[in-house]
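Structural description and commentary
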Amino acid sequence: MLSAQSFKLNELNSVATELVKILEGENLKTATILALEGDLGAGKTTLVQAIGGLLKVEEVITSPTFTIMKQYKTAHSVFESLVHIDAYRIDSINELGPLGFSELLSQGNALVCIEWPKRIEAALPKGVILVDLAVLDDETRTVQVSRL
Ligand code: ADP
Ligand code: MG
């Protein structure tokens, strides 16, 4: 697993590359989940954008704050779709039903990145990859990888 480290924006791509490698090693029979912890401005959305770049998502990835969930086609051989969820506005896991969340979890070719994952923790499989981001200073973030 990726060791705890600090990084600047110009190093984000190598952090994202390491993460994608880890994620490719997960069980690919069901969707692969990346839980993204960290305060506002920690870099969760920016990291998803970097991952999208690596997976060759053509569409511009924007924060799904209002739509809650967005799905992007990739040109990656393992993860054919990238799903970006912002759970901040979800008050109950009952709200996940209409979003098609359980169907999503059965899609082995989907990489699902979830901001504010603790809000829907009860609906997540145990042991998904958890990335913890924190602000060190204006330009520097820390990243720590574990399992939820
Ligand atoms: P979150 O989704 O966690 O609320 P965002 O990704 O929307 O955070 O915002 C993070 C902000 O911090 C962006 O404006 C980004 O450019 C900036 N930033 C500065 N340094 C870094 C870094 N090392 N890694 C990621 N983002 C950084
Ligand atoms: Mg965000």
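A short tour of the structure in this document, coming up. (Residues numbered from 1 in each chain as written. Chains lettered and ligands numbered in written order. Predicted model: local features only at pLDDT ≥ 70, side-chain atom pairs only at ≥ 80, totals over all residues. Heavy atoms only, no water.)

Turning our eyes to something else, we now look at the pairing of strand 6 (residues 129-137). In this sheet, strand 6 lies alongside strand 2 (residues 32-37) in parallel orientation, the contact comprising 4 bridges. Following the sheet pairing, E37 is matched in strand 6 by D132. In the sheet, strand 6 pairs with strand 7 (residues 140-147) via 8 bridges, with the strands oriented antiparallel. Of the residues in strand 7, the one forming a bridge with A134 is T142. Taking the residues between adjacent antiparallel strands as the criterion, strand 6 and strand 7 are bridged by 2 residues. (Pairing = 2+ DSSP bridges. Helix = DSSP H or I, 4+ residues; strand = E, 2+ residues; numbered from the N terminus.)

As a further point, take the site of ligand 1. In the region of ligand 1, 15 residues are neighbours, and G41, K44, T45, T46 and R141 sit closest. For ligand 1, an oxygen atom lies 2.7 Å from a polar atom in the side chain of K44. Against a free-state accessible area of 570 Å², the protein chains account for coverage of 74% of ligand 1. Mapped by element, the contributors of at least two residues to the shell around ligand 1 are strand 1 (5-8) and helix 2 (44-54). Looking at the shell around ligand 1 element by element, the count peaks at 3 residues for helix 2. Here the shell around ligand 1 is built from residues that sort into 4 nonpolar, 4 polar and 7 charged. (Near = heavy atom within 4 Å. Polar contact = N/O pair within 3.5 Å; in protein donor to acceptor, adjacent residues only side chain to side chain. Areas by Shrake-Rupley, 256 points an atom, 1.4 Å probe, with all protein chains shown as cover. Nonpolar A, V, L, I, M, F, W, Y, C, P; charged D, E, K, R; others polar.)

Turning next to the coordination of the magnesium ion (ligand 2). Around the magnesium ion (ligand 2), the protein supplies T45 (OG1) and E115 (OE) as donor atoms, at distances of 2.2 Å. Residue T45 is located in helix 2, and its partner E115 is located in strand 5 (residues 110-115); the two are separated by 70 residues in the primary sequence. By relative accessible area, which is 4% here, E115 ends up buried. (Donors = N, O, S within 2.8 Å, 3.2 Å for Na, K, Ca; no water. Buried < 20%, exposed > 50% of the residue type's maximum accessible area, 1.4 Å probe, protein only.)

Another aspect to go through is helix 1 (residues 12-24). The end-to-end C-alpha separation of helix 1 is 18 Å, in line with the 18 Å expected for 13 residues at 1.5 Å each. Listing the buried residues of helix 1 in full gives L12, V15, A16, L19, V20, I22 and L23. When helix 1 is viewed along its axis, its buried side chains cluster within an angular range of 160° and face the same direction. Buried residues along helix 1 sit in contact with strand 1, strand 2, helix 2, strand 5, strand 6 and strand 7. (Expected span 1.5 Å × (residues − 1). Arc of directions from axis to C-beta. Contact = heavy atoms within 4.5 Å.)

Turning next to the pattern of salt bridges. Where side chains of opposite charge bring their charged atoms close, a pairing between them can arise. Enumeration over the complete set of coordinates arrives at 4 salt bridges. Between K21 and E18 there is a salt bridge; the shortest N-O distance is 3.3 Å. Placement of both K21 and E18 in helix 1 is noted, with a separation of 3 residues, approximately one turn of the helix. (Salt bridge = Lys/Arg side-chain N within 4 Å of Asp/Glu carboxyl O.)

Note that soluble globular proteins tend to have their nonpolar side chains buried in a common cluster. Residues L34, L47, I51, L82, L111, V131 and V143 are the most contacted members of the largest nonpolar core, which totals 29 residues. Contributing elements (two or more residues each) for this core: helix 1, strand 2, helix 2, strand 5, strand 6 and strand 7. Ranked by the residues each element gives to this core, the list is headed by helix 1, at 7 residues. Excluding residues that lie within four positions of it along the chain, I51 makes contacts with A16, V20, L34, L82 and L111. Membership of the second largest hydrophobic core comes to 21 residues, among which are I68, I114, V128 and L130. (Core = buried A, V, L, I, M, F, W, Y, C linked by side-chain atoms within 4.5 Å.)

Another point: the sheet that holds strand 4 (residues 81-86). Pairing within the open sheet is mixed, and its 7 strands lie in the order 1-7-6-2-5-4-3. The sheet is open, and its two borders are formed by strand 1 and strand 3 (69-73), each paired with just one other strand. Between one strand axis and the next, the sheet turns by 25° as a mean value, whatever way the strands run. Inspection of the sheet shows strand 4 paired to strand 5 by 6 bridges, in the parallel sense. Bridge pairing links I85 to I114 in strand 5. Where helix 1 meets the sheet, its contacts fall on strand 1, strand 2, strand 5, strand 6 and strand 7, and the angle it forms with strand 1 comes to roughly 130°. (Axes fitted to C-alpha atoms, helices over the stretch in contact; angles between N-to-C directions.)

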